[in-house]
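Close look at the chain arrangement
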Amino acid sequence: MNETRFDPSQVDGRWQRAWDKQDCFRADSNSAKPKSYVLEMFPYPSGRIHIGHVRNYTMGDVLARYKRMTGHEVLHPMGWDAFGMPAENAAMEKKVHPGEWTYQNIENMKAQLKRLGFALDWSRELATCSPDYYGHEQALFLDFYESGLVYRKESAVNWDPVDQTVLANEQVIDGRGWRSGALVEKRKLSQWFLKITQFAEELLDGLGSLQNWPEKVRLMQENWIGKSSGLQFRFDLSDGGDVEVYSTRPDTIYGASFVAVAADHPIAQAVAEKNADAQDFIEQCRAGGTTAEELETAEKLGFDTGITAKHPFTGAALPVYIANFVLMDYGTGAVMAVPGHDQRDFEFATKYGLPIPRVVAPSAAEADKPFDGEAESGDGVLVNSGELDGMSVAEAKALVISRAESEGWGEGKTVWRLRDWGVSRQRYWGTPIPFVHCDSCGVVPVPKDQLPVKLPEDVDVSIPGNPLERHPTWKHTSCPKCGGAAQRETDTLDTFADSSWYFIRFASQPKDKPFDPAEAAAWLPVNQYIGGIEHAILHLLYARFWTRALKHVGMLDVSEPFAQLFTQGMVTHETYSRKSAENGQPVYYSPAEVDRTGEGATLKADGQPVEIGRVIKMSKSKKNVVDPDQIVDLYGADAVRWFMLSDSPPERDLPWSEAGIEGCSRFVQRLWRLFAQYDAAAEGEDKALARKTHQTVAAVAEDIEGLSFNKAVARIYELTGAVEKAKPSASRSEAIRSILLLIAPMMPHLAEEGWAQMGDGALVAEASWPAVDEALLVDDEVTIAVQVKGKLRDTLTVAKGMPKDELEALALASEKVQRSIDGAAIRKVIVVPDRLVNIVI
RNA sequence: GCGGGCGUGGCGGAAUGGUAGACGCCGGGGACUUAAAAUCCCCUGAGCUUUGCUCGUGCGGGUUCGAGUCCCGCCGCCCGCACCA
């Protein structure tokens with residue numbers, strides 16, 4: 001091997017072609033080896049891969065390659081989440097067909113991924129926008145329909161009256177359409193829903209089996225599903241009607257001081273019909289934002305309807321308000337408000353001068369303790385509550401529910417926060433929903449033998465609105481039932497449907513059906529799923545639902561799709577800016593425009609300093625982005641991959657830095673020089689180095705399995721340092737060879753190039769993980785700490801397993817220890833074998 | 001507001017209740033070179049009266065022979081969210 005520089009631009013492509021040629025990474029479903037399914041969340045084909053993708057796919061790749069080395073048949077596929085709004089936006093802006101734009105992006109991004117040398121089974125590549133994929137999705141949707149998991153109901157959408165189109169939430173900015181600037185209206189449409197709530201209990205219980213998911217994700221899903229138990233009951237109203245309310249705190253019923261209903265509640269509607277002020281107030285509520293964040297910062301507002309509700313226990317007349325903080329979608333859309341023990345009610349009562357009675361106190365003696373500016377929602381003792389006085393919250397809750405049930409004015413009820421999944425989208429670039437509307441037969445499913453219902457190609461995408469709706473011929477068809485004239489459904493499916501089963505299609509892709517149950521079950525569940533935390537709730541919950549729905553219709557015997565989940569952190573970068581001379585606003589510069597020296601940074605264009613800002617998530621607006629292609633050009637795939645794995649724990653953010661990638665690039669060269677020193681003929685044993693080698697191999701394996709890549713990297717650096725210092729020997733040669741195999745999953749091109757010299761003629765991609773000699777994992781000497789009163793005074797290197805009394809004697813013999821003791825009486829000596837001796841004086 | 005997470009050198013971070021700062025980056029010094037790059041070696045938490053000592057893991061308490069780690073109370077930062085009654 002020549003001691004020249006390792007040149008990635010010459011080497012990387014050569015090995016990538018070699019892997020392709022030998023079809024190394026094709027997964028064999030019929031293999032007898034233990035199977036391992038490694039999957040990273042597939043990307044949206046936006047045009048260019050992002051450095052965050054590189055981090056995500058590098059992690060998965062290391063695991064996939066490692067699993068191959070340890071004798072597994074690995075499925076590591078890649079595909080494209082190819083339907084969605086950006087394609088339609090691009091179509092409108094650039095006058096290009098969404099399909100053309102999407103497939104061009106896929107081609108570009110695939111080339112980018114190939115340059116990074118990922119061990120992917122490209123034979124299973126799929127794009128969700130292909131009829132080969134979405135046709136099967138339509139079939140599944142029909143199966144769900146057959147089994148009663150699909151239904152239609154009225155639901156509101158954001159309607160832009162100028163563009164005559166439905167807007168997504170993200171297209172509504174401050175209540176206006178992003179393109180037209182028109183005030184957005186709510187419009188009710190008949191839409192398709194999937195009955196995810198039918199599985200609410202199962203989806204909640206299933207979380208318990210997902211022990212290899214991050215605790216935080218399970219908690220987020222649990223909160224999202226939101227099971228609660230409480231009391232649903234009726235208040236009789238002064239106008240002769242009544243109102244159903246739901247409360248999770250029926251124990252506080254004596255503390256109710258008003259009743260609040262949502263703006264969309266029938267009572268509010270009825271009041272508004274006769275009262276223009278009420279109508280105005282309801283309009284005002286609808287104009288406000290709908291996200292939690294906006295609502296939290298919004299002031300609590302209400303409208304007194306003049307109606308009163310009769311308290312079931314005290315008979316008191318409680319005012320009924322229309323309030324902006326009550327949700328129509330949860331419970332009954334009406335609440336009994338208990339200001340003393342609910343913060344929202346507290347703020348509302350304070351604003352409108354309503355009474356704030358205390359009905360729960362820390363103790364019975366504190367029944368009239370004033371509130372300290374906020375509601376108290378914790379546990380305590382019931383007070384000022386008649387027959388409930390003295391009870392705990394739980395006791396009172398149970399008593400009120402049983403009393404309501406026996407007296408017939410209410411009942412205990414479990415309420416879920418989870419709502420059914422609305423899948424209708426009034427857009428072109430999605431999976432057509434396979435139904436037709438017939439005047440005489442109603443809504444009729446398209447027969448499976450007529451699938452796929454393909455999107456028309458010849459559409460006008462240059463103007464807003466749904467091209468399917470206005471296409472001259474596409475929607476006109478005949479009814480499958482009666483043969484009469486009928487119209488196709490023009491809604492398409494939410495793209496979350498596409499990503500809810502792609503991992504199944506990866507595992508098995510027959511032409512004539514969505515998947516083969518046996519083949520799919522052989523691979524599933526995914527052994528390791530890796531992706532961003534932003535998908536913690538929706539995508540992961542929908543995929544869990546879809547999998548259960550498939551089980552429900554008898555197509556797949558799998559409950560949970562992802563056995564192990566890992567959520568990786570973001571890639572961040574510092575920002576470079578100057579204050580604009582005109583308005584004082586910062587002007588940002590990209591890393592490529594800046595020279596970064598040790599201390600500061602200057603703009604290449606004028607050599608003058610720029611301000612270095614905080615390290616934050618990469619974003620186009622702050623220009624703190626790096627382009628994967630550029631850095632691969634500069635440093636090669638292996639240095640970039642190594643950087644992605646170094647330093648930061650994978651679940652935390654990774655700050656990209658010029659200096660960091662330079663360091664990685666230097667390490668590639670350092671290893672290359674070390675590989676050149678490999679000498680198969682070297683003789684002699686170096687026991688200490690052999691021990692270090694085997695310890696490192698074992699530890700790196702453990703680190704990779706636990707996805708602690710940063711620790712694996714640190715250990716490899718350490719072993720490399722030790723090998724460089726060691727004199728030639730058979731042990732040293734073994735160590736060099738081991739390092740090559742350890743880095744093979746991480747820096748596969750460098751490893752192949754080295755393996756060509758020291759391997760067996762085959763690819764390192766086909767090599768086995770080095771074997772570990774258990775006997776070498778244990779040291780025969782240990783360094784123990786000697787403390788006096790808990791402070792370190794000396795260290796001793798002793799034989800492993802030295803008995804306590806010998807350790808104590810050795811410690812006391814230490815001169816440094818004697819000096820610290822300074823003649824004081826020894827009260828106690830604590831000896832932990834192989835660890836430390838602590839002398840207490 | 002609710003839910004979750006995190007605070008360790010100049011920076012990213014190591015550390016089964018047992019030698020805090022492994023490993024990397026930055027910085028400093030030296031070797032090699034006509035010179036530079038590359039490479040190699042040494043130093044690099046703070047302070048002090050420097051054979052060594054003291055302090056030090058966001059802040060204040062506590063448990064323990066011993067706390068970055070466990071407990072209680074604060075402070076700060078980050079993430080998620082559909083006001084969930």
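Keep in mind it's a predicted model, so treat the numbers as computed, not measured.

**Observations regarding the protein's contact with RNA strand B**
The full set close to RNA strand B counts 54 residues, and Trp224, Thr248, Phe325, Arg417 and Asn838 are the nearest of them. With respect to RNA strand B, the side chain of Arg419 contributes an N or O atom lying 3.2 Å from a base nitrogen. Side-chain polar atom of Arg673 to a sugar or linking oxygen of RNA strand B: 3.4 Å apart, as the coordinates give it. For the surface near RNA strand B, the residue count by class is 22 nonpolar, 14 polar and 18 charged.

**Side note on the pattern of salt bridges**
Scanning all chains against the criterion turns up 37 salt bridges. The salt bridge involving Asp557 is made with Lys551; its shortest N-O contact spans 4.0 Å. Accessibility expressed as a relative area gives 64% for Asp557, which makes it exposed. Asp780 is the partner of Arg691 in a salt bridge, and the nearest nitrogen-oxygen pair spans 3.6 Å. Taken together, the residues span a long stretch of sequence, with Arg691 in helix H21 (residues 687–705) and Asp780 in the loop between helix H24 (748–758) and strand E34 (781–788) at a distance of 89 residues. Among the residues examined, Arg691 registers a relative accessible area of 11% and is labelled buried. Asp780 gets classed as partly exposed once you look at its relative accessible area, which sits at 46%.

**Structural notes on unusual backbone geometry**
In this structure, the amide linkage connecting Leu451 to the following residue, Pro452, adopts the cis form with an omega of -5°. Position of Pro452 relative to the elements: it lies in the loop between strand E22 (442–445) and helix H13 (467–470). Positive phi, close to 55°, is recorded for Lys95, a residue that is not glycine. Following the sequence through the fold, Lys95 ends up in the loop between helix H3 (85–94) and helix H4 (98–115). Overall, the relative accessible area of 59% leaves Lys95 in the exposed class. The backbone of Asp834 shows a phi angle near 65°, a positive value even though the residue is not glycine. Within the secondary structure, Asp834 is located in the loop between strand E36 (828–832) and strand E37 (836–840). Among the residues examined, Asp834 registers a relative accessible area of 25% and is labelled partly exposed.

**Remarks on the packing of aromatic side chains**
The final tally for this structure, using the stated rule, is 38 aromatic pairs. Their ring planes at 80° and their centres at 5.6 Å tell us that Phe233 and Trp409 sit as a pair that is edge-to-face. Residue Phe233 is located in strand E10 (residues 227–237), and its partner Trp409 is located in the loop between helix H12 (393–407) and strand E18 (410–416); the two are separated by 176 residues in the primary sequence. For Trp409, a relative accessible area of 12% corresponds to the buried category. Taking 6.3 Å as the distance between ring centres and 65° as the angle between the ring planes, the aromatic pair formed by Trp421 and Trp546 counts as edge-to-face. Taken together, the residues span a long stretch of sequence, with Trp421 in strand E19 (residues 421–422) and Trp546 in helix H17 (residues 538–552) at a distance of 125 residues.

**Digging into the nonpolar core**
In terms of nonpolar packing, the biggest core is built from 172 residues, with Tyr37, Phe503, Trp656 and Phe675 touching the most fellow members. With nine residues, helix H2 (residues 51–69) is the single largest residue contributor to this core. Shared between two domains, this core holds at least three residues of each, these being domain 1 (31–129 + 496–568) and domain 2 (135–195 + 421–494). Counting residues in hydrophobic clusters, the runner-up holds 39 residues, among them Val259, Val261, Leu382 and Leu388.

**A few points about the sheet that holds strand E6 (residues 165–167)**
Whether parallel or antiparallel, the strands of a sheet pair through hydrogen bonds between backbone atoms. Pairing is antiparallel across the open sheet formed by four strands, whose spatial order is E6-E5-E9-E19. Across the chains shown, the open sheet's two edge strands, defined by having one partner strand only, are E6 and E19. Where strand E5 (residues 150–160) and strand E9 (residues 185–194) come together, 10 bridges link them in antiparallel fashion. Pairing of Asn158 across the sheet is with Lys186, part of E9. Across the face of the sheet, helix H5 (residues 131–146) comes into contact with E5 and E9 while running at roughly 85° to E9.

**Digging into empty space enclosed by the protein**
By the definition in use, this model includes three cavities of 30 Å³ or more. Within this model, the largest cavity holds a volume of roughly 210 Å³. Looking at the largest cavity, it is lined by 21 residues, and the ones nearest its centre are Glu88, Met92, Thr165, Pro464 and Gly465. Taken together, the elements giving at least two residues each to the lining of the largest cavity come down to H3, E6 and H13. Counting residues per element, the lining of the largest cavity draws most heavily on H3, which supplies four residues. Grouping the amino acids of the lining of the largest cavity by side-chain chemistry returns 10 nonpolar, six polar and five charged. For the lining of the largest cavity, the two domains that each supply at least three residues are domain 1 (31–129 + 496–568) and domain 2 (135–195 + 421–494). Each pocket or cavity is described by its volume, and for the second largest cavity that value is around 70 Å³. Around the second largest cavity, the lining residues are Trp19, Arg65, Arg68, Met69, Ala744, Pro745, Pro748, Glu752, Val764 and Ala765. Elements represented by at least two residues in the lining of the second largest cavity include exactly H2 and H24.

**Describing the sheet that holds strand E21 (residues 435–438)**
An order of E22-E21-E24-E23 is seen for the four strands of this open sheet, with the pairing classed as antiparallel. Two strands close off the open sheet at either side, each with one partner strand: E22 and strand E23 (476–478). Taken over all neighbouring pairs, the strand axes of this sheet differ in orientation by 40° on average, direction set aside. Examined bridge by bridge, E21 and strand E24 (residues 485–488) share three bridges and lie antiparallel to one another. Looking at E24, one finds that Cys438 is bridged to Ala486.

Reading the values: rules and limits
Residues numbered from 1 in each chain as written. Chains lettered and ligands numbered in written order. Predicted model: local features only at pLDDT ≥ 70, side-chain atom pairs only at ≥ 80, totals over all residues. Heavy atoms only, no water. Near = heavy atom within 4 Å. Polar contact = N/O pair within 3.5 Å; in protein donor to acceptor, adjacent residues only side chain to side chain. Nonpolar A, V, L, I, M, F, W, Y, C, P; charged D, E, K, R; others polar. Salt bridge = Lys/Arg side-chain N within 4 Å of Asp/Glu carboxyl O. Buried < 20%, exposed > 50% of the residue type's maximum accessible area, 1.4 Å probe, protein only. Helix = DSSP H or I, 4+ residues; strand = E, 2+ residues; numbered from the N terminus. Phe/Tyr/Trp six-rings, centres within 6.5 Å; stacked < 30°, edge-to-face > 60°. Core = buried A, V, L, I, M, F, W, Y, C linked by side-chain atoms within 4.5 Å. Domains from an automatic or database assignment. Pairing = 2+ DSSP bridges. Contact = heavy atoms within 4.5 Å. Axes fitted to C-alpha atoms, helices over the stretch in contact; angles between N-to-C directions. 1 Å grid on protein atoms, 1.4 Å probe; cavity = no way out; pocket = protein on both sides within 12 Å on 5 of 7 lines; lining within 4 Å. Points joined across faces, edges and corners; volume = space filled by probe spheres on them.

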